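# Examining the three-dimensional arrangement
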Amino acid sequence: MTPTALKYSPDATVEDSYPTNLPGVLPREQVIKLAETELAAWLGKQKNSREMTQRAKKSSPFGVLGNHQKDWNNMPQNIYCERAYGNKFWDIDGNEYLDFCLGDTPDMYGHGGVNPAIKAAAAAMLENGVYTMAADEDGVVCCELMAKKFGLSHWMANLSASDSNRAVLAIARQVTGRNIIAVPNFTYHGNIDETQVFMPATGVLSRFHDMNIYQYPEVGDRTRVFTFNDLDSLEDVLRDRQVACVMMEPIMSNFGWAWPRDNFNEKAYQLCQKYGTKLAYDETHTLSAGPAGACGELGLQGKYDFWACGKAIASGVPTGVFGMDEETAHELHRQTEAAGLFGEAAFGRLGTLLSGNTVSAKALRVTLEQVLTGEVYARVGVHVDAIVAGMSASIEKYAAPFLVEKMGNRIAYTFIPEKCYDPVSASVGIGFGGMFEFSHAYAWNRGIMIMPYFNMLIVTPQHEPADTQRWLLVWDDIVRILMGK
Ligand code: PMP
């Protein structure tokens, strides 16, 4: 634990890092009671979803098709959706929500046909089908657009961020001839064995759960873990020149937000270059920072070897993209050709994944052309600023030790008053085990859909000033109640 985390959560463990040292905030037991009451009231409005959960569990282990759809922080039932359009979502009990969750990012530019990319993709599917053996011009245009936007010359696509990250790691191994990777502590890059490793105490490597699902029995076999913003710890893992690739986010986003400081990203790239290691950014979340992602906002173009992103870059249509530089692309091509028929893509490495398709290509193209623009981000940014200002005003009004931050179209609130620079500290600010649960249940119960496992709101291009007011009233209540006022 770092000093920030220790200050607010002196007895913190990985399982329980609730911030208890917060002046003026209700005692934890009281917050838990309030959370339980709110959740019970909301679940009382979820009769159809409750019945659907029971029915669904007879034919699916968790009662959902997609694994993440069960991730409602251990709730006793699932919630099922009837319809989603623009920035609204309706559950099967007829409750309407202002949707700030948007599937936890994929639909962050809006649900349904009001989003031009979804509209164009649906039309493409009706006219052209989904899969042919031949590529199409949309795919070529997408690669050209991404080359311009994200500063790497060569691009490909998969159907998810996990698959794109997996491909990046495979290519990095292929072109460097090394097979170990490195990730920062408390990171998430999808369902990849090697990236699901963390460091609960200095020098100790672990997995989040002791389950028998991993390919590599020894947790440190293929992975080294360093500390974000700590160049010495990064150099330690790179020094023996065994690491093929460092994979990270330019701003850590999955266990609370941890901001880079003192040009950490630039210096990390210099270290990677010094030791012949590739640097890959995963912008699946941080694409929200601006029309060219956080790398664009932070001016990192030209200072990385790979860039990957998930579905949001195609407005939620299943897609993962990954880019590489020209030299890597040529080497990938050369080695794959040299390996011959049975050694090539089909048997490992990239696989002959059936990923290219008309729908993803059209959605990606239109998102790149019409949605990921300075104009759209500027328009959304006005609402984001109004929300952040309103939330901060409530914090000030009740002298609450909380903080609101923005990352482009994404807003996070934390239950500690400070910006964080490492994800371990940031996770304390989420307030799991009381404040997190209360704030969520309170919002859900009043028709505001916040991401179920993080204190996060995403603002879509369809957002209206009235939506801002609706949320700010709810937020003001949350802060007031937590401060016992
Ligand atoms: N990378 C990051 C940073 C993510 O946050 C996520 C999922 N939220 C993924 C990768 C995995 O995305 P997918 O589920 O599309 O594979």
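Notes on the structure in this doc start here.

Calculation rules
- Residues numbered from 1 in each chain as written.
- Predicted model: local features only at pLDDT ≥ 70, side-chain atom pairs only at ≥ 80, totals over all residues.
- Heavy atoms only, no water.
- Helix = DSSP H or I, 4+ residues; strand = E, 2+ residues; numbered from the N terminus.
- Rg over C-alpha atoms; globule rule 2.2 N^0.38 Å.
- Buried < 20%, exposed > 50% of the residue type's maximum accessible area, 1.4 Å probe, protein only.
- Contact = heavy atoms within 4.5 Å.
- Areas by Shrake-Rupley, 256 points an atom, 1.4 Å probe, with all protein chains shown as cover.
- Lys, Arg positive; Asp, Glu negative; His and termini not counted.
- Charge placed at Lys NZ, Arg CZ, Asp CG, Glu CD.
- Pairing = 2+ DSSP bridges.
- Axes fitted to C-alpha atoms, helices over the stretch in contact; angles between N-to-C directions.
- Salt bridge = Lys/Arg side-chain N within 4 Å of Asp/Glu carboxyl O.
- Expected span 1.5 Å × (residues − 1).
- Arc of directions from axis to C-beta.
- Near = heavy atom within 4 Å.
- Polar contact = N/O pair within 3.5 Å; in protein donor to acceptor, adjacent residues only side chain to side chain.
- Left-handed = near helix turned anticlockwise from the far one by under 90°.
- Nonpolar A, V, L, I, M, F, W, Y, C, P; charged D, E, K, R; others polar.
- Core = buried A, V, L, I, M, F, W, Y, C linked by side-chain atoms within 4.5 Å.
- Phe/Tyr/Trp six-rings, centres within 6.5 Å; stacked < 30°, edge-to-face > 60°.
- Lys NZ or Arg CZ within 6 Å of the ring centre and 35° of its normal.

### Observations regarding the overall build of the protein
Helix and strand content of the protein: 15 helices and 16 strands. Relative to the globule expectation of 23 Å for 485 residues, the C-alpha radius of gyration of the protein, 22 Å, shows essentially globular dimensions. For the protein, the spread of C-alpha atoms along the principal axes amounts to about 70 × 55 × 45 Å. Among the 485 residues that make up the protein, the fraction classed as buried is 55%. Long-range contacts, defined here as pairs at least 24 residues apart, represent 72% of the contacts in the protein between residues at least 6 apart. Total accessible area on the protein is roughly 20,800 Å²; 54% of this is exposed by carbon and sulfur atoms. Distance from the positive charge centre (42 side chains) to the negative charge centre (56 side chains) of the protein: 2 Å.

### Considering the sheet that holds strand 16 (residues 456–458)
Strand order in this open sheet of three strands is 13-14-16, and the pairing throughout is antiparallel. Two strands in the sheet have a free side with no partner beyond their single neighbour: strand 13 (403–407) and strand 16. Adjacent strand axes in the sheet meet at a mean angle of 20° when their direction is disregarded. With five bridges connecting them, strand 13 and strand 14 (residues 410–414) associate as antiparallel partners. Within strand 14, the position partnered with glutamate 405 by the bridge is alanine 412.

### Topic: the pattern of salt bridges
Tallied over the entire structure, the rule returns 18 salt bridges. In this structure, lysine 47 engages glutamate 51 in a salt bridge whose closest nitrogen and oxygen atoms are separated by 3.3 Å. One end of the pair, lysine 47, and the other, glutamate 51, are both in helix 3 (residues 47–56), four residues apart, so they sit about a helical turn from each other. Two residues, aspartate 163 and arginine 166, come together in a salt bridge whose shortest N-O distance is 3.1 Å. Taken together, the residues aspartate 163 and arginine 166, both in helix 6 (residues 161–176) and three residues apart, mark about one turn of the helix.

### Topic: helix 5 (residues 137–150)
Taking 1.5 Å of rise per residue, 14 residues should cover 20 Å, and helix 5 covers 20 Å from first to last C-alpha, within 8% of that figure. Within helix 5 the residues assigned to the buried category are Asp138, Val141, Cys142, Met146, Lys149 and Phe150. Relative to the axis of helix 5, the buried residues are bounded by an arc of 135° and lie together on one face. Exposed side of helix 5, more than 90 degrees from the buried face: Glu137, Glu144 and Lys148 are the residues found there.

### Some words on the site of the ligand
Not every one of the 14 residues close to the ligand is listed here, only the nearest: Ala161, Ser162, Asn254, Asp282 and Lys311. Within the side chain of histidine 285, an N or O atom sits 3.3 Å from an oxygen atom of the ligand. Between an oxygen atom of the ligand and a side-chain N or O atom of lysine 311, the distance comes to 2.6 Å. Notes on the ligand: free accessible area 400 Å², of which the protein chains cover 84%. With three residues, helix 6 is the largest single contributor of residues to the shell around the ligand.

### With respect to the pairing of strand 12 (residues 320–324)
Of all five residues in strand 12, five are buried; the element is thus mostly enclosed. Neither face of strand 12 is left uncovered, since the one carrying Gly320, Phe322 and Met324 and the one carrying Val321 and Gly323 both have all their residues buried. Where strand 4 (residues 154–158) meets strand 12, five bridges bridge the pair, whose relative direction is antiparallel. The partner of asparagine 158 across the bridge, within strand 12, is glycine 320. Sheet topology note: the strand 11 (residues 306–309)/strand 12 ladder contains four bridges and is antiparallel. The residue bridging tryptophan 307 from the neighbouring strand is glycine 323, located in strand 12.

### Brief notes about the environment of glutamate 297
Topologically, glutamate 297 is positioned in helix 9 (residues 293–297). Since its relative accessible area comes to 52%, glutamate 297 is described here as exposed. Separated by 110 residues in sequence, glutamate 297 and methionine 407 have C-alpha atoms that sit 9.9 Å apart. Look past the residues within four positions of glutamate 297 in its chain and what remains in contact with it is Ala289, Gly290 and Pro291.

### Focus: helix 6
Between the first and last C-alpha of helix 6 there are 22 Å, a value that for 16 residues agrees with the 22 Å anticipated at 1.5 Å per step. Among the 16 residues that make up helix 6, 12 are buried, leaving the element largely enclosed by the rest of the structure. Looking only at helix 6, the buried set comprises Ala161, Ser162, Ser164, Asn165, Ala167, Val168, Leu169, Ala170, Ile171, Ala172, Arg173 and Gln174. Positive phi shows up at glycine 177, right after helix 6, with a value of about 70°.

### Here's the deal with the packing of helix 5 against helix 11 (residues 358–371)
Running from amino to carboxyl end, helix 5 crosses helix 11 at an angle of 35°, the nearest separation of the two axes being 9 Å. Our pair here, helix 5 against helix 11, has a crossing hand that is left-handed. Along its contact with helix 5, which presents Asp138, Gly139, Val141, Cys142, Leu145, Met146, Lys149 and Phe150, the element helix 11 presents Ala361, Lys362, Leu364, Arg365, Leu368 and Glu369. Broken down by class, the residue content of the contact of helix 5 with helix 11 amounts to eight nonpolar, one polar and five charged.

### Observations concerning the pairing of strand 6 (residues 198–201)
As judged from the two bridges shared by strand 6 and strand 7 (residues 204–206), these two strands associate in the antiparallel manner. Bridged to alanine 201 within strand 7 is valine 204. Linking strand 6 to strand 7, which pair antiparallel, is a turn of two residues; within it glycine 203 sits at a positive phi near 85°.

### Quick notes on the nonpolar core
Phe150, Leu287, Trp307, Ile313, Phe402 and Trp471 are the most contacted members of the largest nonpolar core, which totals 115 residues. Setting aside anything within four residues of it in sequence, one finds tryptophan 307 in contact with Phe150, Leu152, Trp155, Tyr281, Glu283, Leu287, Cys295, Ile313, Val321, Phe322 and Gly323.

### Structural notes on the packing of aromatic side chains
Inspection of the entire model under this criterion finds 21 aromatic pairs. When the ring of phenylalanine 186 is compared with that of phenylalanine 255, the centres are 5.3 Å apart and the planes differ by 80°; the resulting orientation is edge-to-face. Of the two residues, phenylalanine 186 sits in the loop between strand 5 (180–184) and strand 6 while phenylalanine 255 sits in the loop between strand 9 (243–248) and helix 8 (264–274), which places them 69 residues apart along the sequence. Residue phenylalanine 186 is classed as buried on the basis of its relative accessible area, which comes to 8%. Taken together, the aromatic side chains of Phe100, Phe402, Tyr413, Phe415, Trp471 and Trp475 make up a single cluster linked through ring pairs. A cation over a ring is seen here: arginine 261 above tyrosine 421, with NZ or CZ 4.2 Å from the ring centre.

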